[in-house]
Amino acid sequence: MTTEQINQAKDKPLIIAGKKYNSRLITGTGKYKTLELMKEALEISGSEMVTVAVRRVDLGDKSPHSFFEHLPKNMAILPNTAGCYNLEDALRYSRLARELVGTDLIKLEIIADPKTLLPDTEALLEGTKILAKEGFKVLAYTNDDPIMAKKLEEAGAAAVMPLASPIGSGLGIINPINIQFIRDIVKNVPLILDAGVGTASEAAFAMELGADAVLMNTAIAEAQDPVGMAHAMKLGIQAGRLAYLAGRMPKRMYASASSPAQK
């Protein structure tokens, strides 16, 4: 057995709302130049879950050339409420998605500000409570506040999804300390880092911080080579997870000889 196989054997599976996933990369479907390019990137990413904006895609169109026909087969569809700026709209689109897609999964996004696209966490918490009581499996998109992350877990969220940085910014993980705090406090549901990752090294860093998975869209779709970046993200997440399981060496203030003198 190889070292990689040994490390993977030690790992706990990623389970979201009772379903096991082999890939820890969750992908999006927006901003691709063509549907054919989207399909190719999604396939090479190895992702097993893809998020779809309820407001921006015709969920009822199942024709041969439709959006849904360009999704790789057997991918779990995660509808999202992107573009909703109030609780009422988010609840309505969540219920519409369940009716049209036939899934209880929902990525709940309620945006507070059109410039920063930061979440309205008060409305998010209330929406999570309401939808969880209705049987939804809520993946809650939130800010990097550990206290709110814990409240969402206690409210019945199936996963907590703190941002790395603002949506589509590519700024990477701007507050890794808070992500570590969230990792320490959220124990019973997956921690999925969402929004702001720009390249594979940042995806690896997210996994090294203890994230259970990473969701990304713009980083792949707006890369110069989306297919190549999708492959890089797959490998980056795998490497970061293996490094997390292996455990990094401690940081030291001063040098430590790699070949210490014998006494």
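Preceding block: the structure.
To start, this report covers the structure provided alongside it. One numbering rule holds for all chains: residues counted from 1, following each sequence as written. The predicted origin of the model limits local features to residues at a pLDDT of at least 70 and limits the giving and counting of side-chain atom pairs to 80 or more, whereas totals for whole chains, interfaces and linings rest on all residues. Side-chain measures were taken over the full set of non-hydrogen atoms in the model, leaving aside hydrogen atoms and water.

Details of the overall build of the protein chain
- Summing up its helical and strand segments, the protein chain has 9 helices and 10 strands in all.
- For the radius of gyration, the atoms used are the C-alpha atoms, and the globule rule reads 2.2 Å times the number of residues raised to 0.38. Here the C-alpha radius of gyration of the protein chain, 19 Å, is about what a compact globule of 263 residues would show, namely 18 Å.
- Principal-axis analysis of the C-alpha atoms places the extent of the protein chain at approximately 75 × 40 × 35 Å.
- Taking all 263 residues of the protein chain together, the buried fraction comes to 49%.
- Restricting the contact set of the protein chain to residue pairs at least 6 apart, pairs at least 24 apart contribute 65%.
- Total accessible area computed for the protein chain in this model is approximately 13,400 Å², and 51% of it derives from carbon and sulfur atoms.
- Only four residue types enter the tally: Lys and Arg on the positive side, Asp and Glu on the negative side; His and the chain ends are excluded. Where a charge lies is defined by one atom per residue type, namely NZ (Lys), CZ (Arg), CG (Asp) and CD (Glu). Where the 30 positive side-chain charges of the protein chain centre and where its 30 negative ones centre are 7 Å apart. Each helix is a run of H or I in the DSSP string that is no shorter than four residues. Each strand is a run of E no shorter than two, and both are numbered from the N terminus. To sort residues, take the accessible area from a 1.4 Å probe on protein chains only and compare it with the maximum for the residue type: under 20% means buried, over 50% means exposed, and anything in between is partly exposed. Residues are treated as being in contact if the distance between any of their heavy atoms lies within 4.5 Å. Note on areas: Shrake-Rupley with a 1.4 Å probe; residue coverage comes only from the protein chains shown.

With respect to the side chain of Asp89
- Within the element layout of this structure, Asp89 appears in helix 3 (residues 87-101).
- With residues up to four places along the chain from it excluded, the contact list for Asp89 reads Arg55 and Cys84.

Describing the environment of Leu215
- You can see Leu215 is positioned in strand 10 (residues 213-216).
- On the basis of relative accessible area, Leu215 is assigned to the buried category, the value being 5%.
- The spacing of Leu215 and Ile26 is 189 residues in sequence and 4.4 Å in space, taken between C-alpha atoms.
- Excluding residues that lie within four positions of it along the chain, Leu215 makes contacts with Ile26, Thr51, Leu78, Lys107, Met161, Ile192, Leu193, Asp194 and Ala195.

Observations concerning the pairing of strand 5 (residues 76-80)
- The element strand 5 is extensively covered by neighbouring structure, given that 5 of its 5 residues are classed as buried.
- Where burial is concerned, the two faces of strand 5 agree: the one with Ala76, Leu78 and Asn80 and the one with Ile77 and Pro79 are both buried.
- Between any two strands, at least two bridges found by DSSP are needed for them to pair. Judged from the 5 bridges that link them, strand 4 (residues 49-53) and strand 5 form a sheet pairing that is parallel. Along strand 5, the bridge assignment pairs Ala53 with Asn80.

Examining unusual backbone geometry
- The phi angle at Ala17 is positive, at roughly 50°, despite the residue not being glycine.
- The topology assignment puts Ala17 in the loop between strand 1 (14-16) and strand 2 (19-21).
- On the basis of relative accessibility, which here comes to 37%, the residue Ala17 falls in the partly exposed class.
- For Lys31, which is not glycine, the phi dihedral falls at a positive 75°.
- Inspection of the secondary structure puts Lys31 in the loop between strand 3 (25-28) and helix 2 (35-45).

Digging into the pairing of strand 4
- For strand 4, the tally of buried residues reaches 5 of 5 residues, placing the bulk of the element in the interior.
- Residue alternation in strand 4 divides its side chains into two sets, Met49, Thr51 and Ala53 and Val50 and Val52, and both sets are buried.
- When strand 3 meets strand 4, the two strands line up parallel, connected through 3 bridges. In the sheet register, Ile26 faces strand 4, and the bridge partner there is Met49.

Side note on the packing of helix 5 (residues 146-154) against helix 6 (residues 176-185)
- Axes here mean lines fitted to C-alpha atoms, for a helix over just the part in contact, with angles spanning 0 to 180 degrees between N-to-C directions. At a minimum axis distance of 9 Å, the contact between helix 5 and helix 6 shows a crossing angle of 30°. Viewed along their axes, helix 5 and helix 6 adopt a mutual orientation that is roughly parallel. Considering how the two elements wind past one another, helix 5 and helix 6 form a crossing that is right-handed. Contacts between helix 5 and helix 6 involve Pro146, Ala149, Lys150 and Glu153 from the first element and Asn178, Phe181, Ile182 and Ile185 from the second. Any angle from 65 to 115 degrees is called roughly perpendicular, while one under 35 is roughly parallel, one over 145 is roughly antiparallel, and all others are oblique. The sense of a crossing depends on the near helix, which, turned anticlockwise from the far helix by less than a right angle, makes the crossing left-handed and, turned clockwise, makes it right-handed.

Function cannot be read off these values alone, since they describe shape.
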